[in-house]
Structures are given as structure tokens and as C-alpha cells.
There are 2 protein chains.
Amino acid sequence: QNILVINSGSSSVKFSLFDMTHQTETASGLAERLGSDAAALTLRWADGEYRQALHDSDYATVLTQIIAVLTEQQLLHHLPKVIGHRVVHGGEVFSDPVIVTDEVLASIRQCIALAPLHNPANLAGIEALATLYPDIPQVAVFDTAFHQSLAPKAFLYAVPYKLYEQQGVRRYGFHGVSHQYVAAEAATRLGISAQHGIISAHLGNGCSACAVANGQSMDTTMGMTPLEGLVMGTRSGDVDPGLHQFLYQQKGWDVETVTNMLNKESGMLGLSGLSNDMRTLEAAANEGVERAQLALAVFCFRLARHIGGLATALTRLDALVFTGGIGENSRFIRATVIENLAIFGFRLDNELNARNGDMLGVISTGPGPKVVVIETKEELMIARAALALI
Amino acid sequence: QNILVINSGSSSVKFSLFDMTHQTETASGLAERLGSDAAALTLRWADGEYRQALHDSDYATVLTQIIAVLTEQQLLHHLPKVIGHRVVHGGEVFSDPVIVTDEVLASIRQCIALAPLHNPANLAGIEALATLYPDIPQVAVFDTAFHQSLAPKAFLYAVPYKLYEQQGVRRYGFHGVSHQYVAAEAATRLGISAQHGIISAHLGNGCSACAVANGQSMDTTMGMTPLEGLVMGTRSGDVDPGLHQFLYQQKGWDVETVTNMLNKESGMLGLSGLSNDMRTLEAAANEGVERAQLALAVFCFRLARHIGGLATALTRLDALVFTGGIGENSRFIRATVIENLAIFGFRLDNELNARNGDMLGVISTGPGPKVVVIETKEELMIARAALALI
Ligand SMILES: Nc1ncnc2c1ncn2[C@@H]1O[C@H](COP(=O)(O)OP(=O)(O)O)[C@@H](O)[C@H]1O
Ligand SMILES: Nc1ncnc2c1ncn2[C@@H]1O[C@H](COP(=O)(O)OP(=O)(O)O)[C@@H](O)[C@H]1O
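On a predicted model such as this, the values are computed, not experimentally measured, just so you know.

Here we come to the relation of the copies chain A and chain B. Laying chain A over chain B is done by rotating through 180° and shifting 0.0 Å along the axis; what remains is an RMSD of 0.1 Å. The transformation just described matches what one would write down for a two-fold rotation axis. Interface overlap between copies: 100% of the residues of chain A at the interface are likewise at the interface in chain B, consistent with a symmetric, same-surface contact.

Structure follows, in C-alpha cells:
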């Protein structure tokens, strides 16, 4: 039972091949720098690695190549049973994974206005594969779907209501596959009853946190777009809504320039002036670079502030989960955030934190809510969702 | 000991006259609709009210009229000993009230970029009075000053650092006079030791909340401008920073149009489509108007979310204070917010809430943190600050 999972972006296609009989990843890879002369395909598996240049960068060629290379390398013996696609924006239409049909494609197309960079690339990947392999069923799994359980009081912005009705202006939230998985995993590992309250912090290049009650998303930090909320690698997270006009008046920057700056030159990179990479920044901070220390302090303060805010969407708080590249690995970030959350009764076990958690991932001690480190498995979750639908 | 307190806006001048020997307000009034044919001056005192049309709307004429009318009505027997001015934006220059000098005026002028609507009007009022009554000392009291104690991790946005260095882009916070007063008053009334942690929620037409530790502001919801944070009468509070670009792309609205909408057509007015006035909305909600109910739900959810977030800036949480027109009067808003804060151990006493608090203003019960209703006294605080400086 082979399942291929595809995440197609505007200049890259990530893929993972799963053997669902054993629930293991057979291989994974990346086609990157698409559209440029340096376009290349990399494939990694248990005992090997393979790399080749790509001469044509259109999705059909790239995806054909991916399947061809997997076959050549003896990683794929039959065509995949189903292909699972990560789709960024499902708007208000999708609250669960779906088998791709013409109607589904039309709905994904309708969400392009909400994710103008991501949805077109996701669509192109699905359409190319549908044409190449019309007999393989395809499943779309949405980053926004898990958060469709938010109540109107949590998803509405305080702007004219017709902007919601006519333009779909509301909080959608992202990283849903990850939040859903790590929260469920935390509840299982910790033996928390169905009546749980869990906050998950997905900290990677993009960062978001989510309040989960009884398996349902109650509130989350990302909003209509993945720019709102926490401080991220290059994204600002929350700013004053008056900032755009201020920068227009003071510097003559139009809204496109400002939005671009908030997406690409802000966050940890903007504050530190050094890097968007947390490892680099921690190393610099350890060597005494002040602006790196400052960026880390802002990151942790804002993260703790949002966790405190999300907690009010819960009636009980059993656990806080850290996941994503930063959440799974950074002892410093976890320790600092938990220090800032003393008021909730969180208490860190330094020794457990130093080794990224005990057997269950737990890094806290004492009677307060637990803190647990859980590796996210977004691709495996997409594969499982895809398998479940056919 | 008469002290006059002036709050000059772009089309109005509010004023209060205090008798500091008895710490009482002798009279208060409003010159409004300045610059229009309907410009008028209203004065109220213990046993009277007076109203007249204003033919000239320049600040010098209006302020001369105010003092003339107070004198005619036998409310003012000598010229005021000092005049206290509310000034909206003190930037990073002012962390306390100051006696107005040429240097102070220059610094207030430098903050105009940060408060283009308010600071010019505040300045005009000060300058007019300085020319009219060069012998009366004038004191400037800043809305931002109390929040100058925020640490960089709390006041920096995650945008390129040079925007802070060169343009002053940072969180400043507002309503400082009110937050400082009600937090101090709460600590005194409740007999909380110097080591206190208090959150104050100032809910009027503008709304903000503030975390106060040991008398110092640690974090607050308004930001670089008074548009960030909580849902307000006509202001949106937080939105996704990608909203401006989305509305530009979808509707062709430029940044000025969007900012104007976020300031004037959003908040409770935008959500309800009905009114920005909380009393009107509560009445409508009681009659079953759905959009009014929705607006109230969003207001309370967002307020609770921010209170939860602010709590993480404290190491202990002793009390939550409600103030401003809504905070002092709305049983419904207080009850709903406290319900949303169950996770912090707040517990409402319904009977105390129904009468806006016991003798001390307390409306909570049980062992958790206290909730207290305190009438804000911004004008009296400005008068006290002015008196203290001369
Ligand atoms: N040991 C570590 N300590 C601190 N940060 C780490 C560590 N390992 C990875 N990271 C950080 O994780 C981030 C990338 O997270 P990841 O989840 O892989 O990204 P993406 O969101 O693209 O999936 C980078 O900022 C990286 O520096
Ligand atoms: N009894 C009441 N119940 C609910 N809201 C009230 C009540 N009394 C006043 N308010 C509300 O208080 C708000 C005005 O607050 P106020 O502090 O006077 O404003 P400002 O910020 O202009 O000083 C209005 O929304 C008004 O409806």
C-alpha cells in the first residue's frame, strides 16, 4: 500500500512516499528552484540519496520525473494507491479531507483570492497528476480544515460584517494537520480524558499556536492569512493595523511594499538583522550578539502572550505541546516560554528539557499542566487521511 | 486652588475645573463642533447648566470664552493656578507629566508623526493658552507616559529594527492616566501588597487593557496607535496584517481608505451594522437582534483573550479592574468576560455585579483573583499631576 504525498509550492514540490502497511516513510524528496536554471530534484531513502538536474520545470514534467525516479530506484513497484495533496486554503468549504473531483477543484480555485501564492501551485500539482494518472485517486488535505470548528466569536474580525459575507474576511488559521495530530497524540500519550484542553505550539519557519478542546480547534493565532499572530522566521506576526498608513505617510511605501516587508524581511530576521534561522540566532545570542538576544526575547514573550490568550478559549488546561523544527529542538525557547507562563503553573524539568523529553516527550514536572515535545508528522497524517478516504 | 484641565481635540475642547482644596470638580464642559456653523460651548456645574453658540472656532477664542464663561458664572474667582493638558502622544521622550517649556513644545511637535490627528490639536490648545495667559504655568500629561516602563521584548514589533530606530515604530500604549490610577486604586482598596499583579480594562469608546506589576505597566493592548488590540466602538482592534493588501487587491481600496474604515466603520459598529454604543447594542441584543448579540460575543471573547495574554507579563494575578463607561456600567460585559476567564479562577458574584460592586467595587467571590469596578478619574489625575509639579 504505497501512498504518495505531494506539497507543491510556487517554486518547489515536496514529496513523501509511505508504505502504509508498516506506516513508514519509504522515501522523501524535493524538487526545488523550479523555473530557474538550477532546478533540481533530490530524493532520500533509508540507504541512499539521489540527485539530478531538472531541465523542464512545469508541474507535469516534474511530477512525472518524481514517479519515474522513485520507480527506477526500486522504491515504488506499483503506481501509488492514492496521492494525498496538501492544500493551504480551503476557505469555509472544507472542514475535512476530500477526494478530488471537478467540484472540489472548482472550490479550491475559489479560495485563490485568500491564498494567492499557495492555492494556484497546489491546484497545478493536482491537475498535472490527474492528467498523468487519471486512474489514481487524489485526496486534498487542507491546512485550514481543522480550524473550521472555531465559533463566530473566535473567527470574526471586528470589521464591517459585509466583508465577511462578501469577501470571506475572517480568521481561518493554518497548520491544522499538525495541530490536530500533536494535540491528539498528546492526549493519548498523557492519558488525558476526552474532556481535554490542550495548547499546541507549532514552531517552524512559520509559527502558530492553537487551543484544542476535546479534539476540536477553539482558537488559533494565524488569521485570514499565515501572517498574523506569532513572531516567525521572516514574518512579523501581529502589528498595529495603523502601521501600513504610517509607513505610507513617512516613507511613501505602498501596501504591496509593506506587506512584502512584513512577510519576507520581518520576524526574527528583521529584529536580529542577522538570520531567520533559530539555530543561527541561538548561537549568536550565546556569543553575546545583543540583537539576536533581543529577537529571541521578543519571540518568547509574544509566544507566551498568545498561549495565555488561547488558554481563555479553554475551560481546562491539561497540556502544552511544542512541535516543529524549533519546538522539537530548541531547549532555550521552550525554557524561556515556560518561564513566562509561570502564572499558569507550568514547571519545567531542566534535565528532561535538555534531552527533548522523556519517553513520552514530557519536559515538565509538578502538579500543574504538562509540557510535552512531540514530533509533528504532517505528511504521514496526509497519507493516513488519503488512505481513509478510498 | 483652582486647576483647569484641558483636552483639546481637532473639533472639540473638553475642560474641567477642579477645586483642589476639596479635590472636587467645580464645573466641566465641552466646546464642540468647532469649525462648523453649529459650534457651541456647554458648561455644567453642581446646580446649573449653560450653553452658547460659538462664532469663532479658533483655539484662542474658544479658550478665552471658556475662562470668561467660568468667571461670569462665578465658578472661577481668580485665574487658575495651573492648567493641565492631556496630550495623547509623548513618544519615548515623556515618561512623566512635565511643566510646559519651549523644549517640551518642540518634543510634542516631534511626536506629531505618531499621532497626526491628536498631537497638533493638543499643541494648539497649549500654545493658545500660553499666549493668552503667559503667567499661568501649564503642565502636559501624556496618555503614553505610564507605558514607558514596558521592556523592549514587550514594546518591539517583529519588523526590521531600523523602523524602530529611525521611525519610532514600537508599541506605545494609551489610556495611561486611567490604567495607572485604577490599578493604584485597586491595590489600595483591596489592600494588596506592593508586590501586586493587576490587569485593568479601560472600556469606553476606545478600549485598552494593561498589565500592571507593582505600579508599573508591563504590557498593554494598544500599540503604536490607538487602533491595535481590543474591539472598540468603531475601531477594529487587531486584524490580520495581510488585510490591507487583500482589500487593495479585491476592492481596490488604498491604505488610507482601509485605515479609515478600521478606525471609523469597524469595531462594534461594523460587526453589528447598528451602533457603536454599548447601551444601544445591549438593548438590541436583549430584543433578539442577532448581529448585536454577535458583536457583543466578539467583544467579550477578544477582551478575555487579551486579558489572558496580558496575564503572562505578570508573575502573580491579584485583581482585574473594570473601568470606563462600559467597564463601570455594563453588568453583561463584565459577566461574560469573567465567564470566559474561568481558567484563571475568577468567580463572579452575580448580586454584587448587578449593583456595580460592593462598597469597594468588588464583584467577585471565592479564593481566586478579585474583580473590581472602579470609576476612572482621568481629569482629576491630570489636575493632581499638574498641582504636584508647581
Ligand atoms: N536544534 C535546534 N535548535 C534551535 N532551532 C532549531 C534546531 N533545529 C531546527 N531548528 C529551527 O527550526 C526551524 C525550521 O523548522 P521546520 O519545522 O523544519 O520548518 P518548516 O516550517 O519549513 O517545516 C529553523 O528556524 C531552525 O533553525
Ligand atoms: N449602563 C451602561 N451599560 C452599557 N454600556 C454603557 C452604560 N453606560 C455607558 N455605557 C457605554 O460606555 C461607552 C462610553 O464610555 P465612555 O468612557 O463614556 O467613553 P469615552 O471613551 O469617550 O470617555 C458607550 O459605549 C456607552 O454605551
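What follows deals with unusual backbone geometry. Here A:His175, not a glycine, exhibits a phi torsion of approximately 60°, which is positive. Its location among the elements puts A:His175 in the loop between helix 5 (161-167) and helix 6 (176-190). Non-glycine residue B:Gln74 carries a positive phi angle of around 65°. With respect to the helices, strands and loops of the structure, B:Gln74 is situated in the loop between helix 1 (59-72) and strand 6 (82-87). Given a relative accessible area of 56%, B:Gln74 falls into the exposed group.

Residue and element names in this part refer to chain A. In the region of ligand 1, the neighbouring residues are Gly204, Asn205, Gly206, Asp277, Met278, Arg279, Glu282, Gly324, Gly325, Ile326, Asn329 and Ser330. Taking methionine 278, its main chain carries an N or O atom lying 3.0 Å from an oxygen atom of ligand 1. Within the contact set of ligand 1, a nitrogen atom lies 3.5 Å away from a side-chain nitrogen or oxygen of asparagine 329. Look at ligand 1: alone it shows 580 Å² of surface, and the protein chains cover 71% of it. Elements with a contribution of two residues or more to the shell around ligand 1: helix 10 (278-286) and helix 12 (324-329). Among the elements that make up the shell around ligand 1, the one with the highest residue count is helix 12 (four residues). A class-by-class count of the residues in the shell around ligand 1 yields two nonpolar, seven polar and three charged.

Residues and elements named next belong to chain B. Within the open sheet, the eight strands sit side by side as 5-4-3-2-1-6-8-7. Their pairing is mixed. Across the chains shown, the open sheet's two edge strands, defined by having one partner strand only, are strand 5 (48-53) and strand 7 (98-99). Here four bridges tie strand 1 (residues 2-8) to strand 6, and the two strands are oriented parallel to one another. The partner of isoleucine 6 across the bridge, within strand 6, is histidine 85. In the packing of helix 3 (residues 119-132) onto the sheet, the strands contacted are strand 1, strand 6 and strand 8 (138-142), and the crossing angle to strand 6 comes to about 165°. Running at roughly 125° to strand 6, helix 15 (residues 378-389) makes contact with strand 1, strand 2 (13-19), strand 6, strand 7 and strand 8 of the sheet.

One water molecule sets the probe size; rolling that probe over the atoms shows where empty space is left. Going through the model one piece at a time under the given rule, you end up with three cavities of 30 Å³ or more. In this structure, the largest cavity is lined by 17 residues; those nearest its centre are A:Asp238, A:Arg305, A:His306, B:Asp238 and B:His306. At the level of elements, helix 11 (290-311) of chain A together with helix 11 (290-311) of chain B are the ones that each hand at least two residues to the lining of the largest cavity. The element best represented in the lining of the largest cavity is helix 11 of chain A, accounting for five residues.

This part is about the interface of chain A and chain B. By a widespread convention, an interface's size corresponds to the accessible area lost as its parts come together. Each partner contributes to the interface: chain A provides 75 residues, whereas chain B provides 75 residues. Between chain A and chain B, the buried area comes to about 6400 Å², and carbon and sulfur atoms account for 67% of it. The closest approach of N and O atoms between B:Arg305 and A:Asp219, which form a salt bridge, is 2.8 Å. Here chain A and chain B share 15 residue pairs in polar contact (both at pLDDT 80 or more) between them. Elements with a minimum of two residues in the side of chain A that touches chain B: helix 4 (152-155), helix 5, strand 11 (216-220), helix 7 (243-251), helix 8 (255-264), helix 9 (267-272) and helix 11 of chain A. The element that contributes the greatest number of residues to the side of chain A that touches chain B is helix 11 of chain A, accounting for 13 residues.

Rules behind the numbers
Residues numbered from 1 in each chain as written. Chains lettered and ligands numbered in written order. Predicted model: local features only at pLDDT ≥ 70, side-chain atom pairs only at ≥ 80, totals over all residues. Heavy atoms only, no water. Least-squares fit on C-alpha atoms with pLDDT ≥ 70 in both. Contact = heavy atoms within 4.5 Å. Helix = DSSP H or I, 4+ residues; strand = E, 2+ residues; numbered from the N terminus. Buried < 20%, exposed > 50% of the residue type's maximum accessible area, 1.4 Å probe, protein only. Near = heavy atom within 4 Å. Polar contact = N/O pair within 3.5 Å; in protein donor to acceptor, adjacent residues only side chain to side chain. Areas by Shrake-Rupley, 256 points an atom, 1.4 Å probe, with all protein chains shown as cover. Nonpolar A, V, L, I, M, F, W, Y, C, P; charged D, E, K, R; others polar. Pairing = 2+ DSSP bridges. Axes fitted to C-alpha atoms, helices over the stretch in contact; angles between N-to-C directions. 1 Å grid on protein atoms, 1.4 Å probe; cavity = no way out; pocket = protein on both sides within 12 Å on 5 of 7 lines; lining within 4 Å. Points joined across faces, edges and corners; volume = space filled by probe spheres on them. Buried area = accessible area lost by both parts, 1.4 Å probe. Salt bridge = Lys/Arg side-chain N within 4 Å of Asp/Glu carboxyl O.

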